[in-house]
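For reference, the chains in residue letters:
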Amino acid sequence: MELETKILSKDIQQYLYDIKCTVATAESCTGGRIATAIIAVPGASDYFKGGVVSYTNEVKENLLHVSHETLEQETAVSEAVAKQMVVGACETLHTDYAIAATGCAGPSGGTPDIPVGTIWLACGNADDVHTLKLEADYGRDINLAVATNRALRLFIDYLKEKHPHEQAEN
């Protein structure tokens, strides 16, 4: 695992230890890479409850409670689906927070409207979800590595915004 990913995972650990909260993942295109990054830090079992790799719409609907209508109207590669994946992961895995990723990593599968490299990232809780859209195509392996690190960074930034007093203490 690359150094940046380890540093981001360690930062997440410190924040979640300090605020005594838990996190889960809901991943489609990243296939568990975000969860792998989180558990790379010893002691992750104190704050990481688990993850759902929801590679198909059926799993998104049945385990994460993503709306069938949203999937049909907006496709799985959409901000609305990423947000619903976060909420569903929090509910299904009983966590304070969740991180989600859904997209088209390539090399095929893109469309004119949703080209390869389009990945929606989301994090938050049932009441407040932040999102980020990635749109560059660097090839599958790099797309997935970038998405993983950007998801971790998005979550750290979210935690800093929601818990600023913990940031001042660190």
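Residues numbered from 1 in each chain as written. Predicted model: local features only at pLDDT ≥ 70, side-chain atom pairs only at ≥ 80, totals over all residues. Heavy atoms only, no water.

Looking up the protein chain in an unreviewed UniProt entry gives the name CinA C-terminal domain-containing protein, with the organism given as Segatella oulorum F0390.

Looking now at the pairing of strand β5 (residues 129-134). Sheet topology places strand β4 (residues 119-124) next to β5; six bridges connect them, and they run antiparallel. If you follow Ile119 over to β5, its bridge partner there is Leu134. Here β4 folds back onto β5 in antiparallel fashion, the turn holding four residues. (Pairing = 2+ DSSP bridges. Helix = DSSP H or I, 4+ residues; strand = E, 2+ residues; numbered from the N terminus.)

This part covers the pattern of salt bridges. The tally for this structure, following the rule as stated, stands at four salt bridges. Between Asp128 and Lys162 there is a salt bridge, and its shortest N-O distance comes to 2.8 Å. Residue Asp128 is located in the loop between β4 and β5, and its partner Lys162 is located in helix α6 (residues 140-162); the two are separated by 34 residues in the primary sequence. Take Asp128: its relative accessible area is 24%, and that puts it in the partly exposed class. Salt bridges sharing common partners tie together Asp128, Glu161 and Lys162. (Salt bridge = Lys/Arg side-chain N within 4 Å of Asp/Glu carboxyl O. Buried < 20%, exposed > 50% of the residue type's maximum accessible area, 1.4 Å probe, protein only.)

In this section: helix α5 (residues 79-93). Taking 1.5 Å per residue, 15 residues should reach 21 Å; α5 reaches 21 Å between its end C-alpha atoms and fits that length. Where α5 is concerned, the buried positions are Val81, Ala82, Met85, Val86, Gly88, Ala89 and Cys90. Taken together, the buried residues of α5 touch β1 (23-27), α3 (57-64), α4 (68-74), β3 (97-103), β4 and β5. Downstream of α5 by a residue or two, His94 has a phi angle that is positive, lying close to 55 degrees. (Expected span 1.5 Å × (residues − 1). Contact = heavy atoms within 4.5 Å.)

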